[in-house]
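# Tertiary structure, described
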Amino acid sequence: MTSPALLPILCFPDPRLHTVAKPVVAVDARIRELIEGMFATMYEASGIGLAATQVDVHERLVVIDVSETRDQRLVLINPEIEWASPETRKGEEGCLSVPGIYDGVERSVAVRVRAQDANGVVRTIEAEDMLAVCIQHEMDHLMGKVFVEYLSPLKRSRIKSKMVKAQREAERD
């Protein structure tokens, strides 16, 4: 089997990051190939989660692996949060679509999510701490929201300017 193709990651402030993802209609060969490409892309970029929106596929699909060993793959197709803990915590977040930027975001410390896995089987996952944060962060992408939108308008504006400048410099190289 050939290794999956790496996918280009959209960078903030790309307007496509604000597209609301549509449900995955069928868990078929195309979706499984996309899942493999997303995992390969996420691992290559040293990320712990990636939403299909970030690779310009606007379907409700997320891949996650928060393990140190990079061998605890989690696939969430058409995920829905059934419950989120009222207890929240502010934690440092980063994003593959906003490289090099980290800031505090308030999130529920635990969530219960219902989603299909890579075989189309519906599962319920209970998550806390880092996994819960990652799930909420990636599901925001499916709703067209990037984590910097939780920050103050001033911080967001500075990050946008920094990202636009970095993209211009990258295009010159």
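Rules used throughout
- Residues numbered from 1 in each chain as written.
- Predicted model: local features only at pLDDT ≥ 70, side-chain atom pairs only at ≥ 80, totals over all residues.
- Heavy atoms only, no water.
- Phe/Tyr/Trp six-rings, centres within 6.5 Å; stacked < 30°, edge-to-face > 60°.
- Helix = DSSP H or I, 4+ residues; strand = E, 2+ residues; numbered from the N terminus.
- Buried < 20%, exposed > 50% of the residue type's maximum accessible area, 1.4 Å probe, protein only.
- Lys NZ or Arg CZ within 6 Å of the ring centre and 35° of its normal.
- Expected span 1.5 Å × (residues − 1).
- Salt bridge = Lys/Arg side-chain N within 4 Å of Asp/Glu carboxyl O.

## A few points about the packing of aromatic side chains
Taken as a whole and assessed by the stated rule, the structure comprises 1 aromatic pair. Relative to tyrosine 43, the ring of phenylalanine 39 lies with its centre 5.8 Å away and its plane at 25°, an arrangement referred to as stacked. In this pair, phenylalanine 39 and tyrosine 43 both sit in helix 1 (residues 29–44), 4 residues apart, roughly one turn of the helix. Judged by relative accessible area, which is 1%, phenylalanine 39 ranks as buried. Overall, tyrosine 43 belongs to the partly exposed group, its relative accessible area being 24%. Stacked on the ring of phenylalanine 39, the Lys or Arg arginine 73 has its end atom at 3.9 Å from the ring centre. Lying across the ring of tyrosine 150, lysine 145 places its NZ or CZ 4.0 Å from the centre.

## Focus on helix 2 (residues 129–142)
Since there are 3.6 residues in each turn of an α-helix, residues three or four apart along the chain are aligned in direction. Helix length check: helix 2, at 14 residues, gives a terminal C-alpha distance of 20 Å against a target of 20 Å (1.5 Å per residue), a fit within 8%. Counting buried positions along helix 2 yields 10 of 14 residues, so the element is predominantly enclosed. Ala132, Cys134, Ile135, Gln136, His137, Glu138, Met139, Asp140, His141 and Leu142 are the residues of helix 2 that are buried. After helix 2 finishes, the residue glycine 144 shows a positive phi value of roughly 80°.

## Some details on the pattern of salt bridges
Counted under the stated rule, the structure contains 12 salt bridges. Here arginine 112 and glutamate 82 are joined by a salt bridge, their closest N and O atoms 3.5 Å apart. On the criterion of sequence distance, the pair formed by arginine 112 in strand 6 (residues 110–116) and glutamate 82 in strand 3 (residues 74–84) is long-range, its members being 30 residues apart. Take glutamate 82: its relative accessible area is 41%, and that puts it in the partly exposed class. Ionic pairing is found between lysine 155 and aspartate 103, a salt bridge with its closest N-O pair at 3.0 Å. Of the two residues, lysine 155 sits in helix 3 (residues 153–172) while aspartate 103 sits in strand 5 (residues 103–108), which places them 52 residues apart along the sequence. Residue classification places lysine 155 among the partly exposed residues on the basis of a relative accessible area of 38%. Via salt bridges that share partners, Asp14, Arg16 and Asp56 belong to a single interconnected network.

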